[in-house]
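Results of the structural survey
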Amino acid sequence: MAKVPLPEYEGAFLVHFHVGEMSFLPGNGSTEWRAGAKRSLCLFMTLDFSTRKKRPDKGLFYDFLRNSEMSGSSPFKMRLVHLDLKGAPPKVSYLSEVFPLFHALGANGLLLEYEDMFPYEGHLRLLRAKHAYSPPEIKEILHLATLNELEVIPLVQTFGHMEFVLKHEALAHLREVALFPNTLNPHEAESLALVGAMISQVMELHPGARWLHVGCDEVYYLGEGEASRRWLQQEHNTKARLCLSHMKAVACHVLARHPATRPLVWDDMLRAIPEDQLAASGVPQLVEPVLWDYGADLDVHGKALLMEKYRKCGFLRLWAASAFKGATGASQALTPIEHHLRNNVQWLRVAARGPADMLQGIVLTGWQRYDHFSVLCELLPVGIPSLAVCLQSLLHGGFAEDVKARVENFLGISNLETTDFTGEGAGSFPGSDILALVTHVSLHLRSSVDALLERDRYVTGWFGPYHRRRKLIHPVMVQHIQPPALSLLARWSTVVQELEAALRRVFYPDAVEEWLEENVRPSLQRLQALLQDLREAASASPSPQAGRDP
């Protein structure tokens, strides 16, 4: 196995002590961590590092098992866990269970992307989701975060990804392009008033926040609206200038009303803008960019150059953003831990090569939807092992054998798998029952139904589409097909009932319904349809023209 040395960081190790069901981290006063009620359920995940496959096209840049060549404290002073609440937002009761775990794993902050889960009031009340958190629940979340030494940074989208706002008919006139609800029209004074009102309500419930993330990523179709087209026809006007102008207006709004709060922005809209234009815009003095890249093989040299560019433009502080889930497929159900581990280790390498003292911290993003209208990707409990691996790797400079053992101890998993989803193990972290059941369903439900419907010789030989449509079957074949189909349906119905109960403990009913509708019901409905056709065929009188098309 190839091994490329990683840079070293000097500093003290974080030592985790574990006694029985209690663990604590010494620091500014020992902080006790109680994982809460433990659930012992089978986790269908294991790891056999000895069978890890080499990629034929790329060499390995770290060795999972041997002693890491990075040691000491993390180069990232702030390590934020991103909670994407626009899909499957957890109940506050579940957050009370996982916040202590986040802290124990090395997180010291949260990036809360509320979207429609924030309890907007007045003319903004229409933005609320059905199960939006109430103001007392927001305060409880912030209280729980404080108890667990997690600094909260709220995120309010103010330019792109405005679907949850601009989908409403009452606000559709503020779209950049009339047909698409993605992007806010930056030319309308009402647009800035709208995001200003959103920011004011969010900040009212987050007094004293040191940072506010104002989004500004993936501003699709910017410059394609009618007002923008006219504006761009004027001399010296460009899309980059238009983008910077709106960013500056939003940042100035924040700083004028909350001078102690620093705006953060995603950096993707800034990357291609020339240095001189960025520097002259005034934006570098107002915001802190968050450089995001979720690739397992992100370009370390390129990121170091980008950081240097931002430094030359006048940005004083930069942030990084990796991912622990939600970045490998819009409909991904299981988290590929190895991908996210590689991504976070690459960010460690970027930190070692970037401008000294500029990096404020790293956001470990955990996307729940790719956008407001996409399906759910991995649920939060499913991504927790990946989060644990990534946080501990960032904290200790890599994923050596001792770090792996520490993660397994935190999660109650005897042998954590990072390269695939097969095998069996045990987990006792909050939500481990959901992970176990989701893994089982994702790996086996569809394949077991496919095996019966598409590869069983009795079904394919005597009850294919032609016969099912016409309800034709030899009576003896009912005895070969019906019992295994009923047995399979009964087994999966039991599993799904258990999964649904586990999901309802953590999520609101609409999220449970959506996940089951996308990931479970299509397969069960195929099985139920087979049984229904079988019953109707068995009850039909034998036809003398059974072999002919009526």
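Keep in mind it's a predicted model, so treat the numbers as computed, not measured.

**Considering the overall build of the chain**
From N to C terminus, the chain includes 17 helices and 15 strands. Expressed as a percentage of its 550 residues, the buried residues of the chain come to 56%. Relative to all contacts within the chain whose residues are 6 or more apart in sequence, the contacts with residues 24 or more apart total 79%. Per element, the accessible surface of the chain, about 23,100 Å² overall, is 52% carbon and sulfur.

**Points about unusual backbone geometry**
Although it is not a glycine, Ala 88 adopts a positive phi angle of roughly 45°. The phi dihedral of Cys 216 falls on the positive side, at around 70°, and the residue is not glycine. Along the chain, Cys 216 turns up in the loop between strand E10 (211-213) and helix H5 (226-232). On the accessibility criterion, Cys 216 (0% relative accessible area) is buried.

**Regarding the pairing of strand E6 (residues 109-113)**
Among the five residues in E6, five count as buried, and that is most of the element. Neither face of E6 is left uncovered, since the one carrying Gly 109, Leu 111 and Glu 113 and the one carrying Leu 110 and Leu 112 both have all their residues buried. Relative to E6, strand E5 (residues 78-84) runs parallel, the two sharing five bridges. Directly across from Val 81, in E6, lies its bridge partner Leu 110. This β-α-β element, E5 to helix H1 (residues 92-105) to E6, shows right-handed connectivity. With five bridges joining them, E6 and strand E7 (residues 151-155) adopt parallel strand pairing. Bridging from a neighbouring strand, Leu 112 pairs with Pro 154 of E7.

**Topic: the environment of Gln 285**
Counting through the fold element by element, Gln 285 comes out in the loop between helix H7 (275-281) and strand E12 (288-292). For Gln 285 and Phe 315, which are 30 residues apart along the polypeptide, the C-alpha to C-alpha distance reads 6.2 Å. Apart from the residues lying within four places of it in its own chain, the contact partners of Gln 285 are Arg 262, Cys 313 and Gly 314.

**Quick look at the side chain of Ser 74**
Tracing the backbone shows Ser 74 in the loop between strand E4 (41-43) and E5. Polar side-chain contacts of Ser 74 include one of 3.1 Å to the backbone oxygen of Leu 394. Non-local contacts of Ser 74, meaning those with residues more than four positions away in its chain, are made with Arg 79, Leu 394 and Leu 395.

**Focus: helix H17 (residues 521-539)**
Counted at 1.5 Å a residue, the expected span for H17 with its 19 residues is 27 Å, and the 26 Å between its end C-alpha atoms agrees. Buried within H17 we find Ser 523, Leu 524, Leu 527, Leu 530, Leu 531, Asp 533, Leu 534 and Ala 537.

**Examining the nonpolar core**
With 152 residues, the main nonpolar core has Phe 99, Phe 102 and Trp 515 as its most contacted residues. Considering every element that reaches this core, the biggest residue donor is helix H15 (residues 475-506), with 13 residues. Contact partners of Trp 515, with chain neighbours within four places excluded, come to Leu 376, Leu 379, Val 438, Val 441, Leu 499, Leu 503 and Val 520. Core analysis: the next-biggest nonpolar cluster, separate from the first, contains 16 residues, Leu 264, Val 290, Trp 292 and Tyr 294 among them.

**As for the pattern of salt bridges**
A side chain of one charge can pair with a side chain of the opposite charge if their charged atoms are brought near each other. According to the stated counting rule, one finds 21 salt bridges in the structure shown. When the shortest N-O distance is used, the salt bridge between Glu 151 and Arg 210 registers 2.7 Å. Residue Glu 151 is located in strand E7, and its partner Arg 210 is located in the loop between helix H4 (189-204) and E10; the two are separated by 59 residues in the primary sequence. In this structure Arg 210 comes out as partly exposed when scored by relative accessible area, which is 42%.

**Let's talk about H4**
Taking 1.5 Å per residue as the helical rise, H4 with its 16 residues ought to reach 22 Å, and the 23 Å between its terminal C-alpha atoms agrees with that figure. Among the residues of H4, those classed as buried are Ser 191, Leu 194, Val 195, Gly 196, Ala 197, Met 198, Ile 199, Gln 201, Val 202 and Met 203. Contacts made by the buried residues of H4 are with E7, helix H3 (163-166), strand E9 (180-184), E10 and helix H6 (239-257).

**Regarding the side chain of Gln 201**
Within the secondary structure layout, Gln 201 lies in helix H4. Residues in contact with Gln 201, not counting those within four places in the same chain, are Phe 118, Pro 119, Tyr 120, Glu 121 and Leu 124.

**Concerning the packing of helix H9 (residues 337-353) against helix H10 (residues 380-396)**
Two numbers describe how H9 lies on H10: the axes approach to 9 Å, and their chain directions differ by 20°. As far as their axial angle goes, H10 and H9 are roughly parallel. Read as a crossing pair, H9 and H10 show a hand that is right-handed. Contacts from Ile 337, His 340, Leu 341, Asn 344 and Leu 348 of H9 reach H10 at Pro 385, Ser 386, Val 389, Cys 390, Ser 393 and Leu 394. The residue inventory of the contact of H9 with H10, partitioned by class, reads seven nonpolar, four polar and no charged.

**Here's the deal with the state of the cysteines**
Tallied over the full model, the rule gives zero disulfides. No disulfide involves Cys 216; its nearest neighbouring cysteine sulfur is the one of Cys 243, lying 6.8 Å away.

**A look at the environment of Cys 377**
Here Cys 377 is to be found in the loop between strand E14 (359-366) and H10. With 138 residues separating them along the chain, Cys 377 and Trp 515 place their C-alpha atoms 9.1 Å apart.

**Observations regarding the pairing of E7**
The buried fraction of E7 amounts to four of the five residues, a majority that puts the element mostly inside the structure. Crossover handedness for the path E6 to helix H2 (residues 135-147) to E7: right-handed.

**Here's the deal with the packing of aromatic side chains**
All chains considered together, the criterion is met by ten aromatic pairs. Residues Phe 180 and Tyr 221 carry aromatic rings whose centres are separated by 4.6 Å and whose planes lie at 25° to one another, so their mutual orientation is stacked. Here Tyr 221 lies in the loop between E10 and H5 and Phe 180 lies in strand E9, a separation of 41 residues in the sequence. The exposure class of Phe 180 is partly exposed, given its relative accessible area of 29%. The class of Tyr 221 is partly exposed, set by a relative accessible area of 33%. An aromatic cluster of three or more residues is present, and its members are Tyr 114, Phe 118 and Tyr 120. In this structure, Arg 271 is placed above the aromatic ring of Trp 292, and the distance from its NZ or CZ to the ring centre is 4.9 Å.

**Digging into the confidence of the model for the chain**
Averaged over every residue, the pLDDT of the chain is 87; residues scoring 70 or more account for 84%. For residues 1-71, every residue scores under 50 in pLDDT, and the model assigns this stretch 189 contacts once sequence neighbours within four places are set aside.

Conventions and cut-offs
Residues numbered from 1 in each chain as written. Predicted model: local features only at pLDDT ≥ 70, side-chain atom pairs only at ≥ 80, totals over all residues. Heavy atoms only, no water. Helix = DSSP H or I, 4+ residues; strand = E, 2+ residues; numbered from the N terminus. Buried < 20%, exposed > 50% of the residue type's maximum accessible area, 1.4 Å probe, protein only. Contact = heavy atoms within 4.5 Å. Areas by Shrake-Rupley, 256 points an atom, 1.4 Å probe, with all protein chains shown as cover. Pairing = 2+ DSSP bridges. Right-handed = clockwise from strand over helix to strand, strands pointing away. Polar contact = N/O pair within 3.5 Å; in protein donor to acceptor, adjacent residues only side chain to side chain. Expected span 1.5 Å × (residues − 1). Core = buried A, V, L, I, M, F, W, Y, C linked by side-chain atoms within 4.5 Å. Salt bridge = Lys/Arg side-chain N within 4 Å of Asp/Glu carboxyl O. Axes fitted to C-alpha atoms, helices over the stretch in contact; angles between N-to-C directions. Parallel < 35°, antiparallel > 145°, perpendicular 65-115°, else oblique. Left-handed = near helix turned anticlockwise from the far one by under 90°. Nonpolar A, V, L, I, M, F, W, Y, C, P; charged D, E, K, R; others polar. Disulfide = S-S within 2.5 Å. Phe/Tyr/Trp six-rings, centres within 6.5 Å; stacked < 30°, edge-to-face > 60°. Lys NZ or Arg CZ within 6 Å of the ring centre and 35° of its normal. pLDDT = per-residue confidence, 0-100.

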